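# Fold and contact review
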Amino acid sequence: KSPDSLPLQFPWRTEAFSGSVPNAVIVDFCLWDEHKHVVWSLSKCCSFEKEEEKGGNLDFASSAEGLQRFKLQAAGDFNEGSLLLHFKWAAPRDDDARGCSVFVTEFHMRLHAGFINSKFGTKY
């Protein structure tokens, strides 16, 4: 695997053709309220972007050799919210992708005030 790509792919197949989209996954995310009712959900095909290492990062994975930094972004269809994940990926020691390690270093979920107001009757 190249250092700029992950071993994750989105496979597809029709009756005549098949293939895969590199660096892509399906993201399914669901946010529930305290009554276990769905407040917001997201399901999208997303791609990964390679990021340069940020200086001054003191997390446990920043100094480990062979770690690559990536991010994944997903936004709702109606601009009601978005997800942003930053993570580091370590290549497996052999060609078996199942031996890789993934460390989520940041997770951001944003819901727009208008969406929250319409869902909960608030005025933020």
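Look up: the structure comes first, before these words.
Residues numbered from 1 in each chain as written. Predicted model: local features only at pLDDT ≥ 70, side-chain atom pairs only at ≥ 80, totals over all residues. Heavy atoms only, no water.

## Concerning the side chain of Gln68
By secondary structure assignment, the location of Gln68 is in strand S5 (residues 67-75). Within the structure, Gln68 has its side chain in polar contact with the side chain of Lys50 (distance 2.6 Å). (Helix = DSSP H or I, 4+ residues; strand = E, 2+ residues; numbered from the N terminus. Polar contact = N/O pair within 3.5 Å; in protein donor to acceptor, adjacent residues only side chain to side chain.)

## Describing unusual backbone geometry
Positive phi outside glycine occurs at Asn23, with the angle close to 60°. Despite not being glycine, Asn79 has its phi angle at roughly 60°, a positive value. Turning to its location among the elements, Asn79 is positioned in the loop between S5 and strand S6 (81-90). The exposed category is assigned to Asn79, whose relative accessible area is 56%. (Buried < 20%, exposed > 50% of the residue type's maximum accessible area, 1.4 Å probe, protein only.)

The quantities given are spatial measurements derived from coordinates; they are silent on function.
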